[in-house]
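# Working through the structure, step by step
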Amino acid sequence: MKSSLPQNDPELDYWLKKELERQRDSLEMIPSENFTSLAVMEVLGSILTNKYSEGYPGKRYYGGNKYIDEIENLTRERAKKLFGVEHANVQPYSGSPANQAVMFGLLNPGDTILGMELAQGGHLTHGYKFSFSGRYYRAVNYGVDKETHLLDYEAIREIALKEKPKLIICGATAYPRIIDFAAFRKIADEVQAYLLADISHIAGLVVAGVHPSPVPYADVITTTTHKTLRGPRGAMILLPNVIDRWHDLYHPNGKKNLAELIDSAIIPGLQGGPHNHQTAAIALALKEAAEVNFTAYGKAIVANSQALAKTLIANGFSLITGGTDNHLILIDLSQQGISGKQAEILLDNVGITVNKNLVPYDQRPPLDPSGIRLGTPALTTRGFSTDDMREVGEIIAKVLLQPVNQTVINQVQHRIKALTNKYPLYPEL
Ligand code: DSN
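Residues numbered from 1 in each chain as written. Predicted model: local features only at pLDDT ≥ 70, side-chain atom pairs only at ≥ 80, totals over all residues. Heavy atoms only, no water.

### What about the site of the ligand?
Lining the immediate surroundings of the ligand are Ser 32, His 123, Thr 173, His 201, Lys 227 and Arg 373. Here an oxygen atom of the ligand sits 2.6 Å away from a polar atom, N or O, in the side chain of Ser 32. Interatomic distance of 2.6 Å between a side-chain N/O atom of His 201 and an oxygen atom of the ligand. Contact with the protein chains removes 64% of the 230 Å² of surface that the ligand exposes when unbound. (Near = heavy atom within 4 Å. Polar contact = N/O pair within 3.5 Å; in protein donor to acceptor, adjacent residues only side chain to side chain. Areas by Shrake-Rupley, 256 points an atom, 1.4 Å probe, with all protein chains shown as cover.)

Now the structure itself:
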């Protein structure tokens, strides 16, 4: 279909074209971003955006949903098959609403939750004091070990024994190592808590088999669909088993199982009409993720991340935990005498997109922290190899370790152009 945007809204069209140019010509290294397929974008921009369908397949509040029902069922079945779970809710608008729905469905206001501290690698919705999760629930946090910056499962267990949370959340946004879901399950069992695994960052790695799956351990799994999973923006709530492990303890009066608790938390609890264009695009992304080459993609993300980590370490950078097992790297720039904010700007100026990030036990404020977070999912989608990632690491070192003058900027931009030209992004557009 020929684009009508240039005629209808030249001003908006201009900005879209500029953003396409930016994505093409820069090195996208924010670890939670990716490049979805053209087909996924086609579905996102389809007529499905026109339809209202509050409810679930077969039980809608509006007519005209016979095809939407097929699409949502297809999406649910694909999600169940790909992750090996009994139930999937594919309606959450994004990751934060998905986590909100889990808490709304399983907890009462004021109940205790235990999640990873935002400042140490967690997420806003894992109990940050200004988020709904910290305001409507009694949120207690765990962090990482002061020396190793690794999760210390014995320390987490001690907090759990003391605080008796009804929900334990595992999963992170800035943790470069494998998460031991079995260890979390043991702790959750000891204190009779639900275990929520938020695998938003690592879902694609789980599918590819390069990170252990939480399915044997978690009561509930949430994931966004646009990070390593490489789909459209959106989220899913997955239930390995619909039987409510703590039913008699926490929900003694209802006939409800976990699927009913979660589905009714989404609607009528929190959301209205599902975004059917988004649901359908998730269906397509799940099909893509089930293809054999997705395993190679997941492996390449980690290999690229580790190649980049080695180059950065060889250039004298200090990496939190000393390296990475997954798609992301957290650099502590304290020794280099620049802040994360300065580094983000320096890199942005030459066309490398990363984000400033707190490092564990950071002495600096969140908007000007000591670290940067960077990752390889998007560049791996473009086709970058481990050799390319070593070159990227050298470029980052040049920008951050030397006084940057116009000559350095020109040299670096030349090297970035060589890389981006080698792997054209969306050449069809
Ligand atoms: N904004 C996401 C991230 O960058 O990790 C988390 O929601």
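Right, picking up where we left off after that structure.
### A word on helix H13 (residues 292-314)
Its 23 residues place the ends of H13 34 Å apart at the C-alpha level, agreeing with the 33 Å of an ideal helix rising 1.5 Å per residue. Within H13 the residues assigned to the buried category are Phe 294, Tyr 297, Gly 298, Ile 301, Val 302, Asn 304, Ser 305, Ala 307, Leu 308, Ala 309, Thr 311 and Leu 312. Two residues or fewer past H13, Gly 316 is found with a positive phi of approximately 95°. (Helix = DSSP H or I, 4+ residues; strand = E, 2+ residues; numbered from the N terminus. Expected span 1.5 Å × (residues − 1). Buried < 20%, exposed > 50% of the residue type's maximum accessible area, 1.4 Å probe, protein only.)

### Some details on the pattern of salt bridges
A full pass over the atoms with the stated rule returns 23 salt bridges. Of the charged contacts in the structure, one is a salt bridge between Glu 28 and Arg 22, with a shortest N-O distance of 3.8 Å. The class for Glu 28 is buried, based on a relative accessible area of 4%. Among the salt bridges present, the one from Glu 154 reaches Arg 157, with a minimum N-O distance of 3.0 Å. Taken together, the residues Glu 154 and Arg 157, both in helix H7 (residues 153-163) and three residues apart, mark about one turn of the helix. Overall, the relative accessible area of 26% leaves Arg 157 in the partly exposed class. A cluster of three or more residues bridged by salt bridges with shared partners is formed by Arg 185, Asp 189, Asp 219 and Arg 245. (Salt bridge = Lys/Arg side-chain N within 4 Å of Asp/Glu carboxyl O.)

### Some details on the packing of aromatic side chains
For any pair of aromatic rings, the description consists of the separation of the ring centres together with the inter-plane angle of the planes. Under the criterion given, the structure shown has nine aromatic pairs. Taking 4.9 Å as the distance between ring centres and 35° as the angle between the ring planes, the aromatic pair formed by Phe 384 and Tyr 423 counts as tilted. Note that Phe 384 is positioned in the loop between helix H15 (377-382) and helix H16 (386-401) and Tyr 423 in the segment after helix H17 (406-422), a separation of 39 residues in sequence. Of the two residues, Phe 384 and Tyr 423, both sit in the buried class. A network of ring pairs unites the aromatic residues Tyr 142, Tyr 153 and Phe 184 as a single cluster. Of note, Arg 230 hangs over the ring of Tyr 297, and the distance from its end group to the ring centre comes to 3.9 Å. (Phe/Tyr/Trp six-rings, centres within 6.5 Å; stacked < 30°, edge-to-face > 60°. Lys NZ or Arg CZ within 6 Å of the ring centre and 35° of its normal.)

### Remarks on the side chain of Thr 311
Along the polypeptide, Thr 311 turns up in helix H13. With residues near it in sequence (within four places) discarded, Thr 311 still touches Arg 390, Gly 393 and Glu 394. (Contact = heavy atoms within 4.5 Å.)

### As for the nonpolar core
Where a protein is soluble and globular, its nonpolar side chains tend to be buried together. Phe 83, Leu 151, Ile 168, Phe 184 and Met 236 are the most contacted members of the largest nonpolar core, which has 45 residues in total. Examining the composition of this core, we find that five residues originate from one element, helix H8 (residues 181-191), more than from any other. Apart from the residues lying within four places of it in its own chain, the contact partners of Leu 151 are Met 116, Tyr 142, Gly 143, Val 144, Ile 156, Tyr 175, Ile 179 and Phe 184. Counting residues in each nonpolar core, the second largest holds 34 residues, with Ile 329, Val 392, Ile 396 and Leu 400 among its members. (Core = buried A, V, L, I, M, F, W, Y, C linked by side-chain atoms within 4.5 Å.)

### Here we look at a nonpolar patch on the surface
Side chains of Tyr 52, Tyr 61 and Tyr 62 sit close together on the surface and give an oily, nonpolar patch of about 400 Å² of accessible area. Position of Tyr 62 relative to the elements: it lies in the loop between strand S3 (59-60) and helix H4 (66-83). With relative accessibility at 39%, the residue Tyr 62 sits in the partly exposed group. (Patch = residues over 30% accessible without salt bridge, like charges linked within 9 Å, V, L, I, M, F, W, Y side chains within 5 Å.)

### Quick word on the environment of Arg 60
Note that Arg 60 resides in strand S3. Taking C-alpha positions, Arg 60 is 9.8 Å from Gly 273, a pair spaced 213 residues apart along the chain. If we ignore the near neighbours within four places in the chain, the residues touching Arg 60 are Ser 53, Glu 54, Gly 55, Asn 65, Ile 68, Asp 69, Glu 72, Gln 91 and Pro 274. A polar contact of 3.5 Å, which involves the side chain of Arg 60, links it to the backbone oxygen of Tyr 56. For Arg 60, the side chain forms a polar contact with the side chain of Glu 72, separated by 2.9 Å.

### Remarks on the sheet that holds strand S11 (residues 318-319)
An order of S11-S12-S15-S14 is seen for the four strands of this open sheet, with the pairing classed as antiparallel. Looking at strand neighbours, the two that pair on one side only are S11 and strand S14 (355-357), the edges of this open sheet. In this sheet, strand S12 (residues 328-332) lies alongside S11 in antiparallel orientation, the contact comprising two bridges. Note that in S12 the partner of Ser 318 across the bridge is Asp 332. (Pairing = 2+ DSSP bridges.)

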